[in-house]
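Residues per chain, in single letters:
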Amino acid sequence: MVSIDPTMPANSERVFKINELKTEVANHLAMLEKRVELEGLKVAEIEKCKSDIKKMRDEMAARNSRTNCPCKYSFLDENKKLIPRRDVPSYPKYILSQETIEALRKPTFDVWLWEPNEMLSCLEHMYHDLGLVKDFKINPIILKRWLLCIHDNYRNNPFHNFRHCFCVTQMMYSMISLCSLQVKLSQTDILMLMTASVCHDLDHPGYNNTYQINAQTELAVRYNDISPLENHHCAVAFQIFAQPECNIFSNIDQEQFKRIRQGMITLILATDMARHAEILDSFKEILDNFDYSNEEHVTQLKMVLIKCCDISNEVRPMEVAEPWVDCLLEEYFMQSDREKSEGLPVAPFMDRDKVTKPTAQIGFLKFVLIPMFEIITKLFPVVEEVLLQPLWESRDRYEQLKQIDDTMKELQKKKNESLASEGRENTIMDTKIL
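### What about unusual backbone geometry?
Then comes step 1: Despite not being glycine, Asp203 shows a phi value in the positive range, around 60°.
Then comes step 2: Along the chain, Asp203 turns up in the loop between helix H8 (187–199) and helix H9 (209–214).
Then comes step 3: Assessed through its relative accessible area of 0%, Asp203 is described here as buried.
Then comes step 4: Positioned with a positive phi, Ser227 is a non-glycine residue whose angle comes to about 40°.

### Observations regarding the confidence of the model for the protein
Then comes step 1: Per-chain confidence: the protein averages 86 in pLDDT, with 76% of residues scoring 70 or above.
Then comes step 2: Of the regions scoring below 50 in pLDDT, residues 76–81 engages in 7 contacts with residues more than four places distant in sequence or in other chains.

### Description of the packing of aromatic side chains
Then comes step 1: One pass over the structure, following the stated rule, counts 15 aromatic pairs.
Then comes step 2: Relative to Trp114, the ring of Phe109 has its centre 5.4 Å away and its plane inclined at 10°; by these criteria the two rings are stacked. For the pair shown, Phe109 and Trp114 are each scored as buried.
Then comes step 3: A centroid spacing of 5.3 Å and a plane angle of 75° characterise the contact between Phe159 and Trp324, whose relative ring orientation is edge-to-face.

### Section: helix H5 (residues 140–152)
Then comes step 1: Between its first and last C-alpha atoms H5 spans 19 Å; for 13 residues at 1.5 Å apiece the expected length is 18 Å, and the two agree.
Then comes step 2: The set of residues buried in H5 consists of Ile142, Leu143, Lys144, Arg145, Trp146, Leu147, Leu148, Cys149, Ile150 and Asp152.
Then comes step 3: Residues of H5 that are buried make contact with helix H3 (116–129), helix H4 (132–135), helix H6 (162–178), H8 and helix H11 (228–241).
Then comes step 4: One side-chain oxygen at the N-terminal end of H5 lies 2.9 Å from the backbone nitrogen of Ile141; it belongs to Asn139.

### Quick notes on the pattern of salt bridges
Then comes step 1: Taken as a whole and judged by the stated rule, the model has 18 salt bridges.
Then comes step 2: Across the salt bridge formed by Asp129 and Arg105, the nearest N and O atoms sit 3.6 Å from each other. Of this pair, Asp129 sits in helix H3 while Arg105 sits in the loop between helix H2 (98–104) and H3; the two residues are 24 residues apart in sequence, bridging distant segments of the chain.
Then comes step 3: Salt-bridge contacts for Glu218 lead to Arg222; the nearest nitrogen and oxygen are separated by 3.2 Å.

### Observations concerning the side chain of Asp351
Then comes step 1: Note that Asp351 resides in the loop between helix H15 (318–341) and helix H16 (357–379).
Then comes step 2: Exposure remark for Asp351: the relative accessible area of 7% places this residue in the buried category.
Then comes step 3: Of the polar contacts made by the side chain of Asp351, one reaches the backbone nitrogen of Asp353; its length is 2.9 Å.
Then comes step 4: With sequence-adjacent residues up to four places away left out, Asp351 is seen in contact with Phe333, Ser336, Lys340 and Val346.

### Remarks on the nonpolar core
Then comes step 1: Core analysis: the biggest nonpolar cluster contains 106 residues, and Tyr127 and Trp146 have the highest contact counts within it.
Then comes step 2: Once residues within four sequence positions are removed from consideration, Trp146 is found in contact with Tyr127, Thr195, Val198, Cys199, Ile240, Phe241, Cys246 and Ile248.

### Some points on the layout of surface pockets
Then comes step 1: A volume near 1,000 Å³ is recorded for the largest pocket.
Then comes step 2: Mapped onto the lining of the largest pocket, the elements with two or more residues apiece are H9, H11, H15 and H16.
Then comes step 3: Along the lines of polarity and charge, the residues of the lining of the largest pocket split into 18 nonpolar, 16 polar and 7 charged.

### A look at the environment of Lys402
Then comes step 1: One can find Lys402 in helix H17 (residues 383–433).
Then comes step 2: Assessed through its relative accessible area of 31%, Lys402 is described here as partly exposed.
Then comes step 3: Here the alpha-carbon distance between Lys402 and Thr359, two residues 43 residues apart in the chain, equals 7.0 Å.
Then comes step 4: Setting aside residues no more than four positions away along its own chain, Lys402 makes contact with Pro358, Thr359 and Ile362.

### Notes on helix H12 (residues 254–269)
Each α-helix winds once per 3.6 residues, and so residues spaced three or four apart point in a common direction.
Then comes step 1: Between its first and last C-alpha, H12 extends 22 Å over 16 residues, near the 22 Å set by a 1.5 Å rise per residue.
Then comes step 2: Taken together, the buried positions of H12 are occupied by Phe257, Ile260, Gly263, Met264, Ile265, Leu267, Ile268 and Leu269.

### A word on the side chain of Asp189
Then comes step 1: With respect to the helices, strands and loops of the structure, Asp189 is situated in helix H8.
Then comes step 2: Of the polar contacts made by the side chain of Asp189, one reaches the side chain of Ser186; its length is 3.0 Å.
Then comes step 3: Filtering out sequence-adjacent residues up to four positions away, Asp189 remains in contact with Val298 and Lys302.

### What about the packing of H3 against H5?
When two helices pack together, their arrangement is given by the angle between the helix axes and by the axis-to-axis distance.
Then comes step 1: Close contact between H3 and H5 brings their axes to 10 Å; oriented N to C, the two are set at 135°. Taken together, the axis directions place H3 and H5 in an arrangement best described as oblique. Considering how the two elements wind past one another, H3 and H5 form a crossing that is right-handed. Residues Pro116, Leu120, Leu123, Glu124, Tyr127 and His128 of H3 touch H5, and the partners they reach there are Leu143, Lys144, Trp146, Leu147, Leu148 and His151.
Then comes step 2: For the contact of H3 with H5, the per-class residue count stands at 8 nonpolar, 2 polar and 2 charged.

Cut-offs and rules
- Throughout this description, residue numbers start from 1 for each chain and increase along the sequence as written.
- For a predicted model such as this one, the threshold for reporting local features is a pLDDT of at least 70, and the threshold for listing and counting side-chain atom pairs is 80 or more; totals across whole chains, interfaces and linings nevertheless cover every residue.
- The side-chain values count all of the structure's non-hydrogen atoms but skip hydrogen atoms and water molecules.
- Helix and strand definitions here come from DSSP, where helices need a minimum of 4 consecutive H or I residues and strands a minimum of 2 consecutive E residues; each element is numbered from the N-terminal end.
- Between buried and exposed lies partly exposed: a residue is buried under 20% and exposed over 50% of the maximum accessible area for its type, with that area taken using a 1.4 Å probe on protein chains only.
- What pLDDT conveys is the predictor's confidence in a given residue, as a value from 0 to 100.
- Any two residues having at least one pair of non-hydrogen atoms within 4.5 Å are treated as being in contact.
- Aromatic contacts are taken between Phe, Tyr and Trp rings whose centres are within 6.5 Å, Trp giving its six-membered ring; a plane angle under 30 degrees counts as stacked, one over 60 as edge-to-face, and the others as tilted.
- One less than the number of residues in a helix, times 1.5 Å, gives the span that helix is expected to have.
- Polar contact is the term for a pair of N or O atoms within 3.5 Å; when the atoms are in protein, one must be able to donate a hydrogen and the other to accept it, and sequence-neighboring residues count only if both atoms are side-chain atoms.
- The rule for a salt bridge is simple: a side-chain nitrogen of Lys or Arg has to be within 4 Å of a carboxyl oxygen of Asp or Glu.
- The term nonpolar core refers to a set of buried residues drawn from Ala, Val, Leu, Ile, Met, Phe, Trp, Tyr and Cys, joined through side-chain atoms within 4.5 Å.
- A cavity here means a set of 1 Å grid points, computed over protein atoms only, where a 1.4 Å probe fits but cannot escape. A pocket is an open set with protein on both sides within 12 Å along at least 5 of 7 lines, and lining residues have an atom within 4 Å of a point.
- Grid points are joined across faces, edges and corners, and a volume is the space filled by probe spheres set on the points.
- Three residue categories are used. Nonpolar comprises Ala, Val, Leu, Ile, Met, Phe, Trp, Tyr, Cys and Pro, charged comprises Asp, Glu, Lys and Arg, and polar comprises the others, including Gly.
- Every axis corresponds to a line fitted to the C-alpha atoms, with the helix fit spanning only the stretch in contact, and the corresponding angles, defined between N-to-C directions, vary from 0 to 180 degrees.
- Roughly parallel refers to an angle under 35 degrees, roughly antiparallel to one over 145, roughly perpendicular to one between 65 and 115, and oblique to any angle outside these ranges.
- In this scheme the crossing of two helices becomes right-handed for a clockwise turn of the near helix relative to the far one and left-handed for an anticlockwise turn of less than a right angle.

Here it is, written out as structure tokens:
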């Protein structure tokens, strides 16, 4: 409060009032300027939100407009035929260096360094390098067109996408080299292994069989809850082959095609993890008396090989393997969030509120990956050092990370308990003082 001396001139009161008015106006102006600034920020934020919403809508439209793309097959449209691209070569040719060619044969190959056109060129090289183009008289132009059509029929999921397809096929290619499979198996077997690897997750929707069955999706109904996704992958693969422009099998006779088709279906269906124990148990029964001249034995081996390649990320160096865990968890969390919203059962290993990266990987390594690669090692001893050793190291690393996580949680728990105890003591002291 301002005190005015009565001895001061009479007009001094007016001066103070003017000063007060100036201050009030200045404050009001400052408040208006702040409001304008805030409104400006709101407008900018609104425009950003609009832009983000548009991007999300465009992305959703791209994911859901598979029937609008002439080169994509959608199981939602029975009358839609897959029409392949004809403007081949449709992707820029990437010339592989000798260094890349050598690295491509190894499990340590870094699959994150390559753009789609480079991965397509690498896949093309594999078919030529293995002699499949020559032995099965595959038209090189049709090979290019088929690979491009394969690329276009993988969805943009966090994990089950075209890079995963390339990753699995590259691991199969490296295992063919590492285990000298071309000496032990026929070229038809090699063609089945490679082509099934390329096709094994075609048009994967990003939600697994459990979701398909629990939600009673169109796929689950169509395939009577029996490996709905794997059956769908097979169907899409042969929809593509049904187009003459994409049929890499066009120069083989009908009987051989039937054998290849049946072999590919068997291999792709084997990637359903619900059949994991069944397939491994059957393979273990024949392992001690394995006979490469026995067709049933060879089929069992091929099933285990594609299973190994399908879930082989942890075989790779840590810097290559770990991003795949993040991608898989992202896809899992998308599914579990949807399951919660739809009132469906949620698997604990997919629940973002329950799972961590170490807990997700330790069990998978100890009870799925390592036992499977140990079985393969009995038939191919060279696998131990190259493929099994990295799995042991990965298991040990994740167990160490889990110990660190557990220690941090315990420390945080004690800290919270200590703070709560101090709070109670302070409350008691305040009560006594009162």
